[in-house]
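Reading the structure
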Amino acid sequence: MAAKFRSYAQRKWLSSLLVNGILSLICVIWLIPTLGVLITSFRNSEDIFRSGWWTIFPHRQDVETGKIVLDPAVDVNAPIQIEGITATFEELRNGITLADGRKLVWYGNKRTRTIIVSEKKWVGFSANLTLDNYKNTLSGREIRFKDASGNEILRKGNNLGSAFLNSVAVAVPATIIPILIAAFTAYGFAWLNFPGRKTLFILVVALLVVPLQIALVPILRDYTKLDLNGTYLAMWLAHTGFGLPLAIYLLFNYISQLPRELLESAFIDGASNFTIFTRLILPLSVPALASFAIFQFLWVWNDYLVALVILGDKMRVMTVALASIVGEKGQDWHLLTSGAFISMLLPLAVFFSLQRYFVRGMLAGSIKG
Amino acid sequence: MQDYSDREQNAKGGVLTWVATNLGRILVSLFVPVVTFLILWQGFIFLRDSNAPQIVIVLVAILWGVGGVALLFLVSNWLVEQLPAVWTRRLQPFVFIGPGIAILTWYLAVPVVRTLLLSFQNELSTAWVGMDNYIFALSDRVMLEAFRNNLLWMVVGTSLSVGLGLLIAVLADRSRFEALYKAVIFMPMAISFVGAGVIWKFVYTYKGEGAGIQEIGLLNAIVLALGGQSQPWLQIPPWNNFLLIIIMVWLQTGYAMVIISSAIKGVPAELLEAARIDGASEIEAFFNITVPYIQGTLITVTTTIVIFSLKLFDIVRVMTGGNNGTNVIANEFYLQSFTYNHAGRASAIAVILLIAALPVIVYNLRQFQERKAF
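All values reported here derive from a predicted model rather than from experimental measurement.

The rules behind each value
- Residues numbered from 1 in each chain as written.
- Chains lettered and ligands numbered in written order.
- Predicted model: local features only at pLDDT ≥ 70, side-chain atom pairs only at ≥ 80, totals over all residues.
- Helix = DSSP H or I, 4+ residues; strand = E, 2+ residues; numbered from the N terminus.
- Rg over C-alpha atoms; globule rule 2.2 N^0.38 Å.
- Buried ≥ 20, exposed ≤ 12 C-beta atoms within 10 Å, placed from the backbone.
- Contact = placed C-beta atoms within 7 Å.
- Pairing = 2+ DSSP bridges.
- Core = buried A, V, L, I, M, F, W, Y, C linked by C-beta atoms within 7 Å.
- Nonpolar A, V, L, I, M, F, W, Y, C, P; charged D, E, K, R; others polar.
- Domains from an automatic or database assignment.
- pLDDT = per-residue confidence, 0-100.
- Axes fitted to C-alpha atoms, helices over the stretch in contact; angles between N-to-C directions.
- Parallel < 35°, antiparallel > 145°, perpendicular 65-115°, else oblique.
- Left-handed = near helix turned anticlockwise from the far one by under 90°.
- Expected span 1.5 Å × (residues − 1).
- Bend = angle between axes of the 7 residues up to and from the residue.

**Some remarks on the overall build of chain B**
Along its length, chain B carries 15 helices and zero strands. Expected size for 374 residues packed as a compact globule is a radius of gyration near 21 Å; at 27 Å, chain B overshoots this value by more than 25%. Counting across all 374 residues of chain B, residues that qualify as buried make up 41%.

Written out as structure tokens, the structure reads:
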């Protein structure tokens, strides 16, 4: 009996080890790419291109310890006697490791007559990290330099600070407005009776699957006629329009399942629909509202296509600014990485602050749904 | 209850009441959106042309927009409540649903119809060209490649995201560190596709061979450390597609995991306990109880990710621009409409996207009927 218990405990311990092992492995794989960019964002631009980001960790690497220049009398076409071994030029080109661990490599072509001696050593203890990338990215500092013919060239920095503000101005109302409108609509569909209710609702659900690409061209034409291109309003309305079907669908699921008795007793007390909605429905729906808020916020913040088409290049949001760093100046990876991290900060903060509601909200929807 | 009295009124009032009621409903539906729009619009023209510091403009804009919408709901409701009780009852539902329906009509329903019309017209939408644009879209070599790639994205990307999401959700359910694991897996969702592009460039990048050159891409560094040759990964078709799909899996697994995980929490513990007592192994219990129980959620998650991969644009645009055999439909649509300025072809491609999504609409509506949500 005791033996059986012990084996049960052992099995449980083993399975927990297995579960946590697999999950930790997946999580490490998930984190490595991000970690690489985090580290890169603190390195200076030369280092980024000279070596991989993992070299900031202590590791063993060939380090040059000296040079041997061959005597002009030595014939480089014949096997060469050096450091106690004999080797041809080709062998030296490929590198030879000596018995004591040193490595000999011929530098360049035959005429250089130079052999570089290197040793494997531990390096990477003095990581060369800097905050300059973040400073430069945020300030959008202007860079002046002289070209070959002596003309002074002024290059405007990529102003991510301004793009961040633009993103906030787009994302906050583009999250709140659709939720507000969707909550009203969902309440109307769930609790008010009017002719054509079902048909209208089915149409709304069908619109879920319309790709937003289909709407971009006509909307752009309307905006041009109304002189709306390049305004925040144009972005809010577009994101509201594209986000509404999902918002209405999710909120309808939630609001239609609130206990009927609660609303009926409020009606009997003489409350109007509007009062019931603002005093009862909205507070009760906080989990569902918060869960949709996360999705919509993440979506709007990370949107690239709508912002590119409607706001264009003059009024950049974070994603467009980041993409333009990639596109225009393929070499500015030090700015790109710090920019990418700045753009992640706010969504991550929103995610962590609403995470509690998020899981609970989804839970309520899916169990009953 | 209201529906009943409404019908009664209609029967008594006859045609005139019917016309007046519907006119009122349409007016109410349009009131909030149109008035809001006009006020916000003027405000924005003003804001756009002003020279105030950006931070001030941003704050004013946020208050202006959110406050405006909330206020107009309040005002239109107040107006309707001033009417006689019968009219309030008839019109009030449209105070609630009107704005939503109006915006949906403008932004989604009308564009569907207009895109359909444009797709039968020429480059500048000046003449009808019949099926020409569709013939192009369904026969052009670039388009066929895009279709093949989208199919890859849909099948491989979706199954990997949902599969991994399910695996992680099930395993995390049995771990003490569930919240931590879930947060890590969900994190990429908070990252934009452009940011993700940056992150993955540091994995796939290639510098080439030469004296003293060190690879700075992780994948090449690993391959070199294992004694292989470094490769320009994103330029080798068709494998580069799979490398791009990995990025989508990395981004979307968190979404699948969170939703599936909450469904798993809803599986009654007694059911699983009973199965275990009957001698079912953990794996049998999973497939015979958990999976059927969360089937609805699995369908929802799969549907969303299929639609997502059909509309996928950003990853390809940022990583390869659609070159080297990695083009997808949405990217081709973007090129046709904004780079080549061919409205007809672009619209035809968009319509094809919609048609490709049709089976998903039908399937979902049927699910919806079965669940009797009304």
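**Observations concerning the overall build of chain A**
The helix and strand inventory of chain A stands at 14 helices and eight strands. A buried classification covers 40% of the 369 residues belonging to chain A. Long-range pairs, those at least 24 residues apart, make up 69% of the contacts in chain A between residues at least 6 apart in sequence.

**Examining the pairing of strand E1 (residues 59-69) of chain A**
All names here are of chain A. Sparse coverage of E1 is indicated by the burial of zero of its eleven residues. Two strands pair when backbone bridges link them, and E1 and strand E6 (residues 114-123) are joined in this way by ten bridges, in the antiparallel orientation. Opposite valine 63, over in E6, you have glutamate 119 as the bridge partner.

**Concerning unusual backbone geometry**
All names here are of chain B. Cis geometry is adopted by the peptide bond preceding proline 238, which originates at proline 237 and carries an omega value of -5°. Within the fold, proline 238 resides in the loop between helix H8 (218-225) and helix H9 (239-264). Phi at asparagine 324 is positive, roughly 55°, even though this residue is not glycine. By the secondary structure assignment, asparagine 324 is in the loop between helix H13 (314-319) and helix H14 (329-339). A positive phi angle is found at asparagine 341, which is not glycine, with a value near 50°. Looking at the element boundaries, asparagine 341 is found in the loop between H14 and helix H15 (343-371). C-beta crowding within 10 Å serves as the criterion here: with 11 such atoms nearby, asparagine 341 is assigned to the exposed category.

**Concerning the environment of methionine 315 of chain A**
Summarising the element assignment, methionine 315 of chain A is placed in the loop between helix H12 (305-310) and helix H13 (318-328). Separated by 21 residues in the primary sequence, methionine 315 of chain A and leucine 336 of chain A place their C-alpha atoms 19 Å from one another.

**Re the nonpolar core**
Counting residues in each nonpolar core, the largest one holds 186 residues, and the members touching the most others are Ala186, Tyr187, Met235 and Leu251 of chain A together with Ile315 of chain B. Leaving out residues up to four positions away in the same chain, leucine 251 of chain A has contacts with Ala182, Ala183, Ala186, Ser285, Ala288 and Phe292 of chain A.

**With respect to the interface of chain A and chain B**
Facing the 93 residues of chain A at the interface are 94 residues of chain B. In terms of residue class, the side of chain A that touches chain B is built from 68 nonpolar, 23 polar and two charged.

**With respect to the domain arrangement of chain B**
Residue and element names in this part refer to chain B. When its domains are assigned, chain B resolves into domain 1 (2-118) and domain 2 (134-371). Relative to domain 2, the C-alpha centre of domain 1 lies at a distance of 38 Å. Counting from both sides, the interface comprises four residues of domain 1 and, opposite them, six residues of domain 2. Class assignment for the residues of the side of domain 1 that touches domain 2 results in three nonpolar, one polar and no charged.

**Remarks on the confidence of the model for chain A**
Residue and element names in this part refer to chain A. Averaged over all residues, the pLDDT of chain A is 77; the fraction at 70 or higher stands at 85%. The secondary structure element of chain A with the lowest average pLDDT is strand E8 (residues 152-155), at 58, and the one with the highest is helix H5 (residues 160-191), at 87. Note on residues 360-369: pLDDT under 50 across the span, and 27 contacts to partners over four residues away in sequence or across chains.

**Quick notes on the pairing of strand E5 (residues 103-106) of chain A**
Consecutive side chains of a regular strand alternate in pointing toward one face of the sheet and then the other. Residues and elements named next belong to chain A. Bridging between strand E4 (residues 96-97) and E5 involves two bridges; their strand directions are antiparallel. Bridge assignment links threonine 97 to a residue of E5, and that residue is lysine 103. If you look at the hairpin formed by E4 and E5, you'll find five residues sitting between the two strands, and glycine 101 has a positive phi there, around 100°.

**A look at the domain arrangement of chain A**
According to the domain assignment, chain A consists of domain 1 (2-40), domain 2 (59-123) and domain 3 (160-368). Between the C-alpha centres of domain 1 of chain A and domain 2 of chain A the distance comes to 46 Å.

**Some points on the packing of helix H5 (residues 141-172) of chain B against H9 of chain B**
Residues and elements named next belong to chain B. At their nearest, the axes of H5 and H9 sit 6 Å apart, and the two run at 40° to each other. By the angle class used here, H5 and H9 are oblique. Remark: the crossing between H5 and H9 carries right-handed chirality. Classifying every residue of the contact of H5 with H9 by side-chain character gives 19 nonpolar, eight polar and no charged.

**Here we look at the sheet that holds E4 of chain A**
By definition, the strands of a sheet pair up through backbone hydrogen bonds, in either a parallel or an antiparallel sense. One open sheet accounts for four strands, arranged E1-E6-E5-E4 (chain A); its pairing is antiparallel. A strand with exactly one partner marks an edge of an open sheet, and here the two such strands are E1 and E4 of chain A.

**Some remarks on the environment of glutamine 213 of chain A**
Relative to the elements of secondary structure, glutamine 213 of chain A occurs in helix H7 (residues 213-226). Accessibility expressed as a C-beta count within 10 Å gives 24 for glutamine 213 of chain A, which makes it buried. In the structure, glutamine 213 of chain A is positioned 30 residues away from glycine 243 of chain A in sequence and 13 Å away in space, judged by C-alpha atoms. In this structure glutamine 213 of chain A touches Lys311, Ala330, Phe333, Ala350 and Leu353 of chain B, once residues within four positions along its chain are discounted.

**Side note on the environment of serine 338 of chain A**
Residue and element names in this part refer to chain A. Within the element layout of this structure, serine 338 appears in helix H14 (residues 333-368). Looking at serine 338, the number of C-beta atoms within 10 Å reads 24, which means it is buried. Remark: the alpha-carbon pair of serine 338 and asparagine 273, spanning 65 residues in sequence, is separated by 50 Å. Look past the residues within four positions of serine 338 in its chain and what remains in contact with it is Ser41, Asn133, Tyr134 and Thr137.

**Some words on H9 of chain B**
Residue and element names in this part refer to chain B. In this model H9 runs 35 Å from its N-terminal to its C-terminal C-alpha over 26 residues, within 8% of the 38 Å that 1.5 Å per residue would give. In H9, a bend of some 35° at glutamine 252 exceeds every other bend along the element. Counting buried positions along H9 gives 21 out of 26 residues, so the element sits mostly inside the fold.

**Thoughts on the confidence of the model for chain B**
All names here are of chain B. The predicted model of chain B averages 81 in pLDDT, with 90% of residues at 70 or higher. Element-level pLDDT for chain B is lowest in helix H1 (residues 2-49), with a mean of 67, against a maximum mean of 92 in H5. Both confidence scores are given for the complex: pTM 0.75, ipTM 0.75.

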